[in-house]
Amino acid sequence: MAESLARSERRELCELMTTVGPDAPTLCEGWTAHHLAAHLRMRESDPLGAIGMFLPFLGTTEKHMDKLMTQMSFDELVGLVAKGPTGLSPFRISVVDTKANTAEFFVHHEDLRRGGPYPVGPRVLPPQTDETLWDAAIGAARLRLHKAKMGIILQRVRDGKATDEQAVVATGRTPVTVTGEPGELLLWLFGREAAAQVQLSGTAEALARIRSISLSV
């Protein structure tokens, strides 16, 4: 059976974390590779800590991440992330892993790849990977932007050129079109606007409005 993109991104991210070490910077402000490893471990194994990502007022996320970073070494955390969820974690279910972890691990892999003082550009990805990321970008956009109260269209880039492939992910007047390769669209959707290689087109008012929407996670 072929390795899913969620699993291959997990594996490659863990290999990169091991290579660059715990103090390597990421695109997540204030986070090093060590923070990233703790976040990924907490997300899959600590429901109370993970809830804090959606309910920040609980204050559990930072506390539980700090606890993991204190109790375990960086190498131990990376090893656990590489091993994947255990016990009753729903992330052990293949369909859940695919739905919940494809974008998660791709984006965090890029956080680490591009977060250093000499950031690198996009990877050259196989066509099948691009297809998976395009589907993930459409799903993420519809989930994250359905309340935007404005029209938003994703337009796909292939081999450096914009195509006719589009997805309407939010409806409304004076839409904005966000053009980019699928992985770059995902980065933009997850709040990595400065790193994502996308182009936004629309009226000045529409562009100002979409830039005011918080996409950070």
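Here is a short report on the structure shown in this document. The model shown is predicted, which means the values in this text are computed figures rather than measured ones.

### A closer look at the packing of helix α2 (residues 33-45) against helix α5 (residues 74-83)
Between two packed helices, the angle of one axis relative to the other and the distance separating the axes together describe the packing.
Step number 1: One can describe the packing of α2 onto α5 by two numbers: an axis separation of 9 Å at closest approach and a directional angle of 40°. Between α2 and α5, the crossing angle belongs to the class labelled oblique. Note on packing geometry: the crossing formed by α2 with α5 is left-handed. Judged by residue contacts, Ala-33, His-34, Ala-37, Ala-38, Leu-40 and Arg-41 of α2 engage Phe-74, Leu-77, Val-78, Leu-80 and Val-81 from α5.
Step number 2: Here the contact of α2 with α5 is built from residues that sort into 9 nonpolar, 1 polar and 1 charged.

### Describing the environment of Leu-112
Step number 1: Within the secondary structure layout, Leu-112 lies in helix α6 (residues 94-114).
Step number 2: Note on Leu-112: relative accessible area 6%, which makes it buried.
Step number 3: As a C-alpha pair, Leu-112 and Leu-27 span 85 residues in sequence and 6.7 Å in three-dimensional space.
Step number 4: If we skip the residues at most four places from it in the chain, Leu-112 touches Leu-13, Leu-16, Met-17, Val-20, Ala-24, Pro-25, Thr-26, Ala-33 and Leu-36.

### Quick look at the environment of Trp-134
Step number 1: Within the secondary structure, Trp-134 is located in helix α7 (residues 127-145).
Step number 2: Note on Trp-134: relative accessible area 8%, which makes it buried.
Step number 3: C-alpha separation for the pair Trp-134 and Ala-170, spaced 36 residues apart in sequence, amounts to 16 Å.
Step number 4: Those residues in contact with Trp-134, other than ones at most four positions away along the chain, are Leu-154, Gln-155, Arg-156, Glu-165, Gln-166, Ala-167, Pro-182 and Leu-185.

### Re unusual backbone geometry
Step number 1: Look at Asp-159: it is not a glycine, yet its phi comes out positive at around 50°.
Step number 2: Along the polypeptide, Asp-159 turns up in the loop between β1 (152-158) and β2 (161-170).

### Remarks on the sheet that holds strand β3 (residues 176-180)
Strand-to-strand pairing in sheets goes through backbone hydrogen bonds, with the strands running parallel or antiparallel.
Step number 1: A sheet is described by the order of its strands in space; here 4 strands give the open sequence β2-β1-β3-β4, paired in mixed fashion. Where the open sheet ends on each side, the last strands, each with one partner, are β2 and β4 (199-201). Strand-to-strand twist in this sheet, taken as the mean axis angle between neighbours without regard to direction, amounts to 25°.
Step number 2: As paired elements, β1 and β2 share 6 bridges and run antiparallel to each other. Note on β2: the bridge partner recorded for Ile-153 is Val-168.
Step number 3: Along the sheet face, α7 touches β1 and β2 and points at about 165° away from the line of β1.

### Quick word on the packing of aromatic side chains
Step number 1: With the rule as written, the count across this model stands at 0 aromatic pairs.
Step number 2: Positioned above the aromatic ring of Phe-190 is the side chain of Arg-144, whose terminal nitrogen or guanidinium carbon lies 5.1 Å from the ring centre.

Calculation criteria
- Position labels on residues start from 1 in each chain and follow its written sequence.
- Where totals are concerned, whole chains, interfaces and linings use all residues; where local detail is concerned, this predicted model gives features only for residues with pLDDT of at least 70, and gives and counts side-chain atom pairs only at 80 or more.
- Hydrogens are left out, water is left out, and the side-chain values use all remaining heavy atoms of the structure.
- What counts as an axis is a line fitted to C-alpha atoms, over the stretch in contact for a helix, and the angles between N-to-C directions run from 0 to 180 degrees.
- Under the DSSP-based scheme used, a helix requires at least four consecutive residues in state H or I and a strand at least two consecutive residues in state E, with every element numbered from the N terminus.
- An angle below 35 degrees is read as roughly parallel, one above 145 as roughly antiparallel, one from 65 to 115 as roughly perpendicular, and any other as oblique.
- We call a crossing left-handed when the near helix sits turned anticlockwise from the far one by less than a right angle, and right-handed when that turn is clockwise.
- Note on contacts: a residue pair qualifies if any of its non-hydrogen atoms lie within 4.5 Å across the two residues.
- Just so you know the grouping, Ala, Val, Leu, Ile, Met, Phe, Trp, Tyr, Cys and Pro go in nonpolar, Asp, Glu, Lys and Arg go in charged, and all remaining residues, Gly too, go in polar.
- Only protein chains enter the accessibility calculation, which uses a 1.4 Å probe; a residue whose area is less than 20% of its type maximum is buried, one above 50% is exposed, and one in between is partly exposed.
- Pairing between two strands requires that DSSP report at least two bridges joining them.
- Aromatic pairing here means that ring centres of Phe, Tyr or Trp (its six-membered ring) are within 6.5 Å. Orientation follows from the plane angle: under 30 degrees is stacked, over 60 is edge-to-face, and everything else is tilted.
- Ring-over charges, as used throughout, are those where CZ of Arg or NZ of Lys falls within 6 Å of the ring centre and within 35 degrees of the ring normal.

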